[in-house]
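Each chain, written out:
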Amino acid sequence: MLNLIRSGASASTTETPGDDWVLPADTIWIDLLNPTREEELAVERVLAVDLPTREEMAQIEPSSRLYQEAKATFLTATLLAHSQGDHPTSAPATFVLARGVLVTIRYVEFKAFAVFAVRAAENPDLTNGSEVMLELLDAIVERLAHVLESSSVAVQESSNAIFDRPRGGAFEPLLTGLARTQSVVAMVRTSLVSLGRLASFAGLAPEIAAAAAGRAHLTSLQHDIGSLTEHAGSLASQIAFLLDAALGLINIEQNGIIKFFSVVSVALMPPTLVASIYGMNFHHMPELSWTFGYPMALGVMLIAGLGPFLWFKKKRWL
C-alpha cells in the first residue's frame, strides 16, 4: 500500500502507481506499508534512489541500517508493535530522506504511524520530509513512553498483589503478568536504543544539518530517548526484583509445607515405635497379661506424641 501526505492536504491519499505515475510536487511523505514490488519500483524511479528490501531492513549491522547514498539518507530502526495484543513483537521500519520527501517502509502496522498520519494531514506547518520525520519520531517516542507508563502501572499492581496476597493464593497469574510486562519493557528498551542510534546518525542528513530548528528538535528528541531508556532500565530492574521476590515467597510457602509434614512425621515416630513394640506377637510378653496394659500403651503413645510437639512449640518451629 502506498499512501501520500501532501503539504496542506486535509488527509492522506492511497495511490496505485503505474508506469507513467508522477509524484505530486507538494508531496512530503510517502508511506509504504507492505509494499508490492511495483510500488517500490515506482518510488525508486520518481526519487532516483534504491530502497532497501525487507531482508536488508532486517540486518542488524549499523552499516546496513544507517547510511547515505545517492544524496539520500537511509535510517532503519527496530520498533515495538502490537504492544496491547497477546503477542507483542518488534519489527524494523526504514526512514529515507530524499529530495525533500520522507519515505517510510514497514511491513507491520505501528500504532504511532496511524496516529501521526492523521495529525500530519491536519498540520499545515509541515512543509518538507525532514520536518515530517522529526515529528513522526516524536510520535513514536511518545507512544513508547505511553507503553512504559502502562507497564509501570502494571508493575505496581503486580507488586501490590505479591506483597498483599493472602496466604495460599495463586502465584501463576502474577508470574505470567510480570513475564509479559518484562517482555514488553525489553522490547521498548530495544526500540529506544535503536532510535537513539538513528537520531545520532540523522544529524548528518543535509536537510536536518542545514536547519537550526531541525538540529534543536533532534537534540530534544535525543534527550527524551535517553531519559526513557534509563526509565526502561529501571523498570526492568524492578520487574526482576519482583520475580525474585515472588519466587522467594513460593519457596517460603513450600518450605512451610515441608516443615509441617516433617514435624508431623517426627511427632508420630515415638507413638509408632510404642505401637510397633506392642504389636509384636511373641508368646512371652509380660504386658499381655496386664489388666491395664492397653490403657497404659495408649497413654505412653499419647505422651510420646505430645513431647515432641511441645518441644517444637517451645522452639517456635510451629
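Going by the structure above, here's the rest.
A. How the structure looks around the overall build of the protein chain. When helices and strands are tallied, the protein chain shows 9 helices and 7 strands. Its C-alpha atoms give the protein chain principal-axis dimensions of roughly 120 × 40 × 35 Å. For the protein chain, the proportion of contacts with a sequence separation of at least 24, taken over those separated by at least 6, is 66%. A total accessible area of about 17600 Å² is found for the protein chain, and carbon and sulfur atoms account for 60% of it. Averaged over its 22 positive side-chain charges, the protein chain has a centre that lies 14 Å from the centre of its 32 negative ones.

B. Representation of the sheet that holds strand E2 (residues 13–15). Pairing is mixed in the open sheet, where 7 strands are placed in the order E2-E1-E3-E7-E6-E5-E4. Every interior strand has two partners, whereas the edge strands, E2 and strand E4 (66–69), have only one. The sheet shows a mean angle of 25 degrees between the axes of neighbouring strands, taken without regard to direction. Across 3 bridges, the pairing between strand E1 (residues 2–6) and E2 is antiparallel.

C. How the structure looks around the packing of helix H4 (residues 111–121) against helix H5 (residues 129–163). Between H4 and H5, the least distance of the axes is 9 Å, while the angle of their chain directions is 130 degrees. Overall, the two elements H4 and H5 adopt an arrangement that is oblique. Read as a crossing pair, H4 and H5 show a hand that is right-handed. Along its contact with H4, which presents Lys 111, Ala 112, Phe 113, Phe 116 and Arg 119, the element H5 presents Val 132, Glu 135, Leu 136, Ala 139, Ile 140, Glu 142 and Arg 143. Split into classes, the residues belonging to the contact of H4 with H5 amount to 7 nonpolar, no polar and 5 charged.

D. Local environment of a negative patch on the surface. A cluster of like negative charges, contributed by Asp 50, Glu 55, Glu 56 and Glu 69, occupies part of the molecular surface. Checked against the element boundaries, Asp 50 lands in the loop between helix H1 (37–47) and helix H2 (54–57).

E. Representation of unusual backbone geometry in the model. Backbone geometry places Asn 34, a non-glycine residue, at a positive phi of 50 degrees. For Asn 34, a relative accessible area of 41% translates into the label partly exposed. Phi is positive for His 82, close to 55 degrees, though the residue is something other than glycine. Secondary-structure assignment places His 82 in the loop between strand E5 (72–81) and strand E6 (89–98). On the accessibility criterion, His 82 (43% relative accessible area) is partly exposed.

F. Layout of the packing of helix H6 (residues 172–202) against helix H8 (residues 212–277). Two elements in contact, H6 and H8, have axes separated by 9 Å at closest approach and are oriented at 160 degrees. Here H6 lies roughly antiparallel to H8, going by the angle between them. The crossing of H6 and H8 is left-handed. Tallied by class, residues from the contact of H6 with H8 come to 19 nonpolar, 7 polar and 1 charged.

G. Up close: the pairing of strand E3 (residues 27–33). Most of E3 is tucked away, with 7 of its 7 residues classed as buried. Pairing geometry for E1 and E3, over 5 bridges, is antiparallel. Of the residues in E3, the one forming a bridge with Leu 2 is Leu 32. Judged from the 5 bridges that link them, E3 and strand E7 (residues 101–106) form a sheet pairing that is parallel. Along E7, the bridge assignment pairs Asp 31 with Thr 104.

H. Fine view of the nonpolar core. Formed by 60 residues in total, the largest nonpolar core has its most connected members in Trp 29, Phe 95, Phe 113, Met 133, Ile 140 and Leu 195. Of all elements in the fold, only E3, E5, E6, H4, H5, H6 and H8 reach the threshold of two or more residues within this core. Element by element, the count of residues in this core is highest for H5, at 13 residues. Leave out the neighbours within four places in its chain, and Met 133 touches Leu 75, Phe 95, Leu 97, Leu 102, Ala 202 and Ile 208.

I. Quick look at the side chain of Thr 181. With respect to the helices and strands, the residue Thr 181 is situated in helix H6. The exposure class assigned to Thr 181 is buried, which follows from its relative accessible area of 10%. If sequence neighbours within four positions are ignored, Thr 181 has contacts with Ser 151, Ala 154, Val 155 and Ile 239.

J. How the structure looks around H1. Within the span of H1, buried status applies to Glu 39, Glu 40, Ala 42, Val 43, Glu 44 and Leu 47. Elements in contact with the buried residues of H1: E1, E2, E3, E6 and E7. Ala 48, located one to two residues past H1, shows a positive phi value of around 60 degrees.

Parameters at a glance
- Residues numbered from 1 in each chain as written.
- Predicted model: local features only at pLDDT ≥ 70, side-chain atom pairs only at ≥ 80, totals over all residues.
- Heavy atoms only, no water.
- Helix = DSSP H or I, 4+ residues; strand = E, 2+ residues; numbered from the N terminus.
- Contact = heavy atoms within 4.5 Å.
- Areas by Shrake-Rupley, 256 points an atom, 1.4 Å probe, with all protein chains shown as cover.
- Lys, Arg positive; Asp, Glu negative; His and termini not counted.
- Charge placed at Lys NZ, Arg CZ, Asp CG, Glu CD.
- Pairing = 2+ DSSP bridges.
- Axes fitted to C-alpha atoms, helices over the stretch in contact; angles between N-to-C directions.
- Parallel < 35°, antiparallel > 145°, perpendicular 65-115°, else oblique.
- Left-handed = near helix turned anticlockwise from the far one by under 90°.
- Nonpolar A, V, L, I, M, F, W, Y, C, P; charged D, E, K, R; others polar.
- Patch = residues over 30% accessible without salt bridge, like charges linked within 9 Å, V, L, I, M, F, W, Y side chains within 5 Å.
- Salt bridge = Lys/Arg side-chain N within 4 Å of Asp/Glu carboxyl O.
- Buried < 20%, exposed > 50% of the residue type's maximum accessible area, 1.4 Å probe, protein only.
- Core = buried A, V, L, I, M, F, W, Y, C linked by side-chain atoms within 4.5 Å.

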